[in-house]
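# Topology and contacts: notes
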Amino acid sequence: MIRLGFVFLAASLLVGCQEEIEIAKPAAIELTPEAAGHYCQMTVLEHDGPKAQIHLAGNPFPVWFTQVRDAVAFKLSPEETDEIAAIYVNDMDKAVSWTQPGNDNWIDADEAWFVTGSKQAGGMGAPETIPFGTEKGAQEFADKNGGDVVRLAEISADYVLAPVDVSSALQLLEPGSDGVH
């Protein structure tokens, strides 16, 4: 009887050890000229508009995205099975301009406000999910450029995973427009 109790206690401890362990959230990393976009493998800095970085559990290097939309697509894609430890996006409230969104003005995507459906295309010519550190900044951008202000959890998979007619999206880019301020 004592032996059976010991086996039950040992099994209970093992089950307890297998509970989900919270992953420590790594800090954002400054964007450098070596960063290449996950999907396009192009230099991230060569593209206008906000960028994103995703940190995966067990990987010391971030996955870079030339458009925030692509990072959201990665997060929502059923094909991506890696565990995400953190997502950081440029805070466009602190950006110099659309062409210079910043190399170290990262905010946690869960804390950001996003503008979706605006007339401003992202760095790869597709509709963008434009992040701001404040709801006020996002609303001011939406008032000037159209679109809706949403949180990360409200961005639909349809918005970021649906096919895009890039030729139509490129018509949204106006020469000399910086789109932010």
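Cut-offs applied
- Residues numbered from 1 in each chain as written.
- Predicted model: local features only at pLDDT ≥ 70, side-chain atom pairs only at ≥ 80, totals over all residues.
- Heavy atoms only, no water.
- Pairing = 2+ DSSP bridges.
- Helix = DSSP H or I, 4+ residues; strand = E, 2+ residues; numbered from the N terminus.
- Axes fitted to C-alpha atoms, helices over the stretch in contact; angles between N-to-C directions.
- Contact = heavy atoms within 4.5 Å.
- Buried < 20%, exposed > 50% of the residue type's maximum accessible area, 1.4 Å probe, protein only.
- Core = buried A, V, L, I, M, F, W, Y, C linked by side-chain atoms within 4.5 Å.
- pLDDT = per-residue confidence, 0-100.

Take the sheet that holds strand β5 (residues 113-116) next. Strand order across the open sheet formed by three strands is β6-β5-β7, with antiparallel pairing between neighbours. Sheet topology places β6 (130-132) and β7 (148-151) at the edges, where each strand pairs with a single neighbour. Neighbour to neighbour, the strand axes of the sheet diverge by 35 degrees on average, direction disregarded. The pairing of β5 with β6 spans three bridges and is antiparallel. Note that in β6 the partner of Phe114 across the bridge is Pro131. Packing against the sheet, helix α3 (residues 135-145) makes contact with β5, β6 and β7, and its axis sits at approximately 15 degrees to β5.

We now examine the sheet that holds strand β2 (residues 63-65). The four strands are arranged β2-β1-β3-β4 in an open sheet whose pairing can be described as antiparallel. The sheet is open, and its two borders are formed by β2 and β4 (106-108), each paired with just one other strand. Each strand of the sheet is rotated relative to its neighbour by a mean of 25 degrees, with strand direction disregarded. Two strands pair when backbone bridges link them, and strand β1 (residues 52-56) and β2 are joined in this way by three bridges, in the antiparallel orientation. Bridge pairing in β2 links Ile54 to Val63. Strand contacts of helix α2 (residues 68-76): β1, β2 and β3 (84-90), with the helix running at about 30 degrees to β1, the strand carrying the most contacts.

Another point: the environment of Thr66. In this fold, Thr66 is placed in the loop between β2 and α2. On the basis of relative accessibility, which here comes to 1%, the residue Thr66 falls in the buried class. Between the C-alpha atoms of Thr66 and Asp48, which are 18 residues apart in sequence, the distance is 8.3 Å.

Below, the discussion takes up the nonpolar core. Core analysis: the biggest nonpolar cluster contains 20 residues, and Ile54, Phe65, Val89, Phe114 and Ile155 have the highest contact counts within it. Going through the elements one at a time, β1, β2, α2 and β3 are the ones with two or more residues in this core. At five residues, α2 tops the list of elements feeding residues into this core. Apart from residues no more than four positions distant in its own chain, Ile155 is found in contact with Val72, Leu76, Phe114, Thr116, Thr129, Val150 and Val160. Met92, Phe132, Ala138 and Ala142 belong to the second largest nonpolar core, which has nine residues in total.

On average, the protein scores 82 in pLDDT, and the residues at 70 or more come to 76%. Confidence drops under pLDDT 50 across residues 4-11; counting only partners more than four residues distant or on other chains, this segment forms zero contacts. The model gives residues 169-178 a pLDDT under 50, and that stretch makes 14 contacts with residues more than four places away or in other chains.

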